[in-house]
Amino acid sequence: MTERTRRDLAGKIAGDVVLSDDPGATIRKWRTDFDVAQTRLADELDVSASVVSDYESGRRESPGIAIVRRVIEALLDIDEARGGEHLRQYARVLSAGFEGDIVRDLREYPTAIDTGEFYDAIGATEVVGGTQQSVAGHTVINSIEAITRLSSEEFYRLYGQSTNRALVFTGVTHGEGALVALRVVTPTPSAVVLHGLDRDDLWEHAPTLARADGFSLAVAAGELEAMLETMGELP
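This section reports on the structure supplied with the text. The shown structure was predicted, so the numbers you read here are calculated from the model rather than taken from an experiment.

Turning next to the sheet that holds strand 2 (residues 125-128). As summarised here, the arrangement of the six strands in space is 1-3-4-5-6-2, forming an open sheet in which the pairing is mixed. The open sheet has two free edges, formed respectively by strand 1 (103-114) and strand 2, since each of these has just one partner strand. Averaged over all adjacent pairs, the angle separating strand axes in this sheet is 20 degrees, with direction ignored. Relative to strand 6 (residues 216-220), strand 2 runs antiparallel, the two sharing three bridges. Following the sheet pairing, Glu-126 is matched in strand 6 by Ala-218. Lying over the sheet, helix 10 (residues 176-183) contacts strand 4 (166-170), strand 5 (191-195) and strand 6, oriented at roughly 155 degrees with respect to strand 5. Sitting on the sheet, helix 12 (residues 224-231) touches strand 1, strand 3 (134-142), strand 4 and strand 5, and the angle it makes with strand 1 is about 45 degrees.

Here we take up the nonpolar core. Counting residues in each nonpolar core, the largest one holds 22 residues, and the members touching the most others are Phe-169, Leu-179, Val-192, Leu-194, Leu-202, Phe-215 and Leu-217. Listed by contribution, the elements that provide at least two residues to this core are strand 1, strand 2, strand 4, helix 10, strand 5, helix 11 (206-213) and strand 6. Setting aside its immediate chain neighbours within four residues, Leu-202 contacts Val-127, His-174, Leu-194, Leu-197, Pro-207, Leu-217 and Val-219. Counting 21 residues, the second largest nonpolar core, distinct from the first, contains Ile-27, Leu-45, Val-68 and Ile-78.

Burial analysis of strand 5 places five of its five residues in the buried class, the great majority of the element. The alternating pattern of strand 5 places Ala-191, Val-193 and His-195 and Val-192 and Leu-194 on opposite faces, both of which are buried. In this sheet, strand 5 lies alongside strand 4 in parallel orientation, the contact comprising four bridges. Paired with Val-168 across the two strands is Val-193, which belongs to strand 5. Relative to strand 6, strand 5 is paired through five bridges, and the arrangement is parallel.

With glycine set apart, most residues show a phi of negative sign, and most peptide bonds adopt trans. One non-glycine residue, Asp-35, adopts positive backbone phi at about 55 degrees. Mapping Asp-35 onto the fold places it in the loop between helix 2 (23-33) and helix 3 (38-45). The residue Asp-46 is not glycine, and still its phi comes out positive at about 60 degrees. For Asp-46, the position within the fold is in the loop between helix 3 and helix 4 (49-57). Overall, the relative accessible area of 70% leaves Asp-46 in the exposed class.

Turning next to a nonpolar patch on the surface. Together, Val-18, Leu-19 and Ile-65 give the surface a local cluster of nonpolar side chains, amounting to about 340 Å² of exposed area. Its location among the elements puts Ile-65 in helix 5 (residues 65-81).

Here the structure, examined in full by the defined rule, presents seven salt bridges. Linking Glu-56 and Arg-31 is a salt bridge whose minimum nitrogen-to-oxygen distance equals 2.6 Å. Linking Glu-56 in helix 4 with Arg-31 in helix 2, this pair joins segments that are 25 residues apart in sequence. The exposure classification of Glu-56 matches that of Arg-31, with both residues buried. One salt bridge connects Glu-44 with Arg-40, and the closest N-O pair in it is separated by 3.1 Å. Of this pair, Glu-44 and Arg-40 are both found in helix 3, four residues apart, which corresponds to roughly one turn of the helix. Take Glu-44: its relative accessible area is 34%, and that puts it in the partly exposed class.

You can see Thr-125 is positioned in strand 2. Note on Thr-125: relative accessible area 42%, which makes it partly exposed. Along the sequence, Thr-125 and Arg-199 sit 74 residues apart, while their C-alpha atoms lie 8.0 Å from each other. Leave out the neighbours within four places in its chain, and Thr-125 touches Leu-217, Ala-218 and Val-219.

All of the buried residues along helix 2 are Pro-23, Gly-24, Ala-25, Thr-26, Ile-27, Trp-30 and Arg-31. Directly beyond the C-terminal end of helix 2, a positive phi value near 55 degrees is found at Asp-35.

Rules used in this analysis
- Residues numbered from 1 in each chain as written.
- Predicted model: local features only at pLDDT ≥ 70, side-chain atom pairs only at ≥ 80, totals over all residues.
- Heavy atoms only, no water.
- Pairing = 2+ DSSP bridges.
- Helix = DSSP H or I, 4+ residues; strand = E, 2+ residues; numbered from the N terminus.
- Axes fitted to C-alpha atoms, helices over the stretch in contact; angles between N-to-C directions.
- Contact = heavy atoms within 4.5 Å.
- Core = buried A, V, L, I, M, F, W, Y, C linked by side-chain atoms within 4.5 Å.
- Buried < 20%, exposed > 50% of the residue type's maximum accessible area, 1.4 Å probe, protein only.
- Patch = residues over 30% accessible without salt bridge, like charges linked within 9 Å, V, L, I, M, F, W, Y side chains within 5 Å.
- Areas by Shrake-Rupley, 256 points an atom, 1.4 Å probe, with all protein chains shown as cover.
- Salt bridge = Lys/Arg side-chain N within 4 Å of Asp/Glu carboxyl O.

Written out as structure tokens, the structure is:
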């Protein structure tokens, strides 16, 4: 990862924290996104874990820019020391031109995993089987933000990165918007998960579209943050 990419990512995180109505909660969000424990962050900052907890919970006055900068640098340094996995994920999202509120997570796996194993891990229920039996990564997309903010060209670029992977749409009501948008792009992903609904809420034509395009279709109704945490531990 280049120094410029690191600076761009640091700027993105800083902007999120400074502009947030709850800076502490936003710091906590980024810390958990980077899979860094409070104690590990505290060690890097040379403070007690209670200090980090107080900032995140709002028990201390909102952190100033100097503290925010130290927290961001600590998160990036910790991840780089671990091999830079999360840095590379966010760098790919940023370099593709997508904001973090559209693409919630993007990851490739060291080895492909069985689609059924993936569904079991995230609490998804398969509705239609696909032609591929495994996935080699996942992309998690806020469906409302994507549909309302992305152009057709950007949709193509986003979906085009998702071959042989699971494409997970969050904030879904029935699924028609996401699946209709997906129809205009080839190749399609191996699996599509619609998060936020159960099978009874699924758009009636969704199984037909999945069969026509050959991808596995699943629904998941569990808590989003818990699902994202589980996905961060795959495989």
